[in-house]
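Coordinates in review
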Amino acid sequence: MATEQPFLPVLLGSDMNAYGMARAFYEAYGIKPLVLGRSHLTATQDSHILQFQEIDRLNEQDVFAPALAEVAKKYADKKLLLLACGDDYAKLIIKNKPALQEHFTVPYIDESLMDEILLKENFYKMCDQYNFKYPGTTTVTADNYENFTPPFDYPIILKASNSVEYWACKFPGKKKVFVAHDDAEKTAILKAIYSSTYQDTMIIQEFIPGDDSYMRVLNAYVGKDGKVKLMCLGNPILEEHSPEGIGSYAAIVTTYDKELMDQVRFFLEDIGYTGFANFDMKYDIRDKQYKLFEINLRNGRSSYYVTASGHNLMKYVADDHMLNIEQDVTYVQDKHLWMIIPKGVLFKYASNEKLKLEAKKLISEGKYTNSLYFNEDMNTKRWVKLTLNNLNYYRKYKKYFNNKGLSE
């Protein structure tokens, strides 16, 4: 049963993250957020805990601001909290922040700080300044890729510096992240990318050895006072391995590392950060250091793992901005397993035996959550779609998974 609240969350995007965020708001306040998206994806379909509105081309600047002004007019009696579920919307919110603030509460950084962080080349300069380690990294452009030789050994990782532009382009064999094992493969990948509309910088990185379980994900919330309020570190057991899903986590166990959290907390507070932040990194067994890949200016796609552990991530932003409730800092230490894949897929394809044992123990203790399966939001139509979606994971892993620790 929805509860009347003086505020309404407005979520941009209709994917798994949007559903997890809507679920968190519903669990915390009995509130049904307004979810705006270009198309209605399975995760948010046939749901009774959110209101969905389709807006064509919402991710385009000329549509974005006027569409949100219309939404604000419709809900003029509410305090509106605007949140992004993906990179493109986060970037648009920040770019349009001054105009949006006339109608919405916008818990995001300003454009000047975004420009420092968003382009990976700039981000790595910040890493040097704050003593974060990161993989050996260089860049290549449309002008020089044909004569480019990487300054480190193969295999190498190739990924777009400008993720928003990259998602808008199309070419055969497109993946979120590429791995090249030799010069010929590297040249073929870059040629395919630069034959598309994507003409921005590509990031070339050394490959950090180790399977998916060497990854770490850290979600943080920084209050409007510039102080970190919540941090939760996750240890992925398995990632998605389909071309469009590479780099997205499929199962995570919460973990804890005070030294790392202290370092990230100092960094966020020192640069004047506010709102959600999401860090991806990998543990490098060679020098026993975490190597930082990127910071996202929003909560992560898998960030419901934080809420599932007993620390509702959306409650932090709403209590802070909507209800003016003071908060102390919390480093999450509660163990929990979050996943969006069937248990059968997890235990067949995950290779870290220690983490698999931990996952089995958490399941036996009832400390596990699939964020899409919510008992209070289940009906026949939704159950059928989610079950088909689940079965599809068996097919996708069988087709795309390899166990070399490379996301190929």
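Calculation criteria
- Residues numbered from 1 in each chain as written.
- Predicted model: local features only at pLDDT ≥ 70, side-chain atom pairs only at ≥ 80, totals over all residues.
- Heavy atoms only, no water.
- Salt bridge = Lys/Arg side-chain N within 4 Å of Asp/Glu carboxyl O.
- Helix = DSSP H or I, 4+ residues; strand = E, 2+ residues; numbered from the N terminus.
- Buried < 20%, exposed > 50% of the residue type's maximum accessible area, 1.4 Å probe, protein only.
- Core = buried A, V, L, I, M, F, W, Y, C linked by side-chain atoms within 4.5 Å.
- UniProt positions renumbered as here; feature names shortened; annotations may be inferred.
- Phe/Tyr/Trp six-rings, centres within 6.5 Å; stacked < 30°, edge-to-face > 60°.
- Lys NZ or Arg CZ within 6 Å of the ring centre and 35° of its normal.
- Domains from an automatic or database assignment.
- Contact = heavy atoms within 4.5 Å.
- Buried area = accessible area lost by both parts, 1.4 Å probe.
- Axes fitted to C-alpha atoms, helices over the stretch in contact; angles between N-to-C directions.
- Left-handed = near helix turned anticlockwise from the far one by under 90°.
- Nonpolar A, V, L, I, M, F, W, Y, C, P; charged D, E, K, R; others polar.
- Parallel < 35°, antiparallel > 145°, perpendicular 65-115°, else oblique.
- Pairing = 2+ DSSP bridges.
- Polar contact = N/O pair within 3.5 Å; in protein donor to acceptor, adjacent residues only side chain to side chain.

A word on the pattern of salt bridges
- Following the criterion strictly, the structure yields 25 salt bridges and no others.
- Close ionic contact of lysine 95 with glutamate 111 constitutes a salt bridge, the shortest N to O distance being 3.1 Å. A residue pair is termed long-range when its members are at least 10 positions apart, and lysine 95 in helix α3 (residues 87-95) and glutamate 111 in helix α5 (residues 111-118) qualify at 16 residues.
- Of the residues examined, lysine 95 reaches a relative accessible area of 40% and is grouped as partly exposed.

What to know about the nonpolar core
- Grouped together as the largest cluster of nonpolar side chains are 120 residues, with contacts concentrated most on Phe25, Leu268 and Tyr273.
- With 19 residues, the next largest nonpolar core counts Ala160, Phe178, Leu190 and Tyr194 among its residues.

Points about the UniProt feature "domain: ATP-grasp" (unreviewed entry) in the chain
- Residues annotated in UniProt with the feature "domain: ATP-grasp" (unreviewed entry) correspond here to residues 124-322.
- Segment residues 124-322 splits into 26% helix and 31% strand. End C-alpha atoms: 34 Å apart.

Regarding the packing of aromatic side chains
- Evaluation of the coordinates by the stated rule reveals 18 aromatic pairs.
- Their ring planes at 75° and their centres at 5.1 Å tell us that tyrosine 130 and phenylalanine 267 sit as a pair that is edge-to-face. Taken together, the residues span a long stretch of sequence, with tyrosine 130 in the loop between α6 (120-129) and β6 (137-140) and phenylalanine 267 in helix α9 (residues 258-270) at a distance of 137 residues.
- Exposure remark for tyrosine 130: the relative accessible area of 13% places this residue in the buried category.
- Residue phenylalanine 267 is classed as buried on the basis of its relative accessible area of 1%.
- If you follow lysine 159 out to its NZ or CZ, it ends over the ring of phenylalanine 293, 4.7 Å from the centre.
- The ring of phenylalanine 347 has lysine 360 lying over it, and the distance from NZ or CZ to the ring centre is 4.8 Å.

Some thoughts on the domain arrangement of the chain
- Domain parsing of the chain yields domain 1 (7-109), domain 2 (137-206) and domain 3 (212-400).
- Computed from C-alpha atoms alone, the centre-to-centre distance between domain 2 and domain 3 is 28 Å.
- Listed by partner, the interface residues are eight residues for domain 2 and seven residues for domain 3.
- Between domain 2 and domain 3, a total of about 550 Å² is buried, with carbon and sulfur atoms accounting for 48% of that surface.
- For the domain 2 face of the interface with domain 3, the top three residues by lost area are Lys175, Lys176 and Glu206, together amounting to 55%.

What about the packing of α3 against α5?
- The interhelical angle for the contact between α3 and α5, taken along N-to-C directions, is 145°, at an axis separation of 9 Å. In the packing of α3 onto α5, the handedness of the crossing is left-handed. Between α3 and α5, the contacting residues are Lys91, Ile94 and Lys95 on the first element and Glu111, Met114 and Leu118 on the second.
- In the contact of α3 with α5, the residues fall into three nonpolar, no polar and three charged.

Quick look at the packing of helix α1 (residues 16-29) against helix α11 (residues 313-321)
- At a minimum axis separation of 8 Å, α1 and α11 run at an interaxial angle of 65°. Considering their axes alone, α1 and α11 lie roughly perpendicular with respect to each other. The way α1 lies across α11 gives a crossing that is right-handed. Contact residues: α1 offers Met21, Ala24, Phe25, Ala28 and Tyr29, while α11 offers Met314, Lys315, Val317, Ala318 and Asp319.

With respect to the environment of phenylalanine 266
- Relative to the helices and strands, phenylalanine 266 is located in helix α9.
- Separated by 38 residues in sequence, phenylalanine 266 and valine 228 place their C-alpha atoms 8.8 Å apart.

Focus: the sheet that holds strand β2 (residues 34-37)
- With parallel pairing, the five strands of this open sheet are ordered in space as β3-β2-β1-β4-β5. Looking at which strands have only one partner, the edges of the open sheet turn out to be β3 (51-54) and β5 (104-105).
- As paired elements, strand β1 (residues 7-12) and strand β4 (residues 79-84) share six bridges and run parallel to each other. Note that in β4 the partner of proline 9 across the bridge is leucine 81.
- On the sheet, helix α2 (residues 61-74) packs against β1, β2, β3, β4 and β5 and is oriented at approximately 155° with respect to β2.
- Strands in contact with α3 are β1 and β4; relative to β4, the strand with the most contacts, it is inclined by about 130°.

Quick look at the environment of aspartate 280
- Looking at the secondary structure, you find aspartate 280 in strand β13 (residues 275-284).
- The class for aspartate 280 is buried, based on a relative accessible area of 10%.
- Note: C-alpha distance between aspartate 280 and glycine 234 (46 residues apart in sequence) is 9.8 Å.
- In contact with aspartate 280, not counting residues within four places along its chain, are Arg216, Val217, Tyr249, Lys291, Leu292, Phe293, Glu294 and Asn296.
- A polar side-chain atom of aspartate 280 sits 2.6 Å from a polar atom in the side chain of tyrosine 249.

Comments concerning the pairing of β4
- Within β4, five of the six residues are buried, which leaves it mostly tucked inside the rest of the structure.
- Alignment of β4 against β5, held across two bridges, turns out to be parallel. Across the sheet, residue leucine 80 finds its bridge partner in β5, namely phenylalanine 104.

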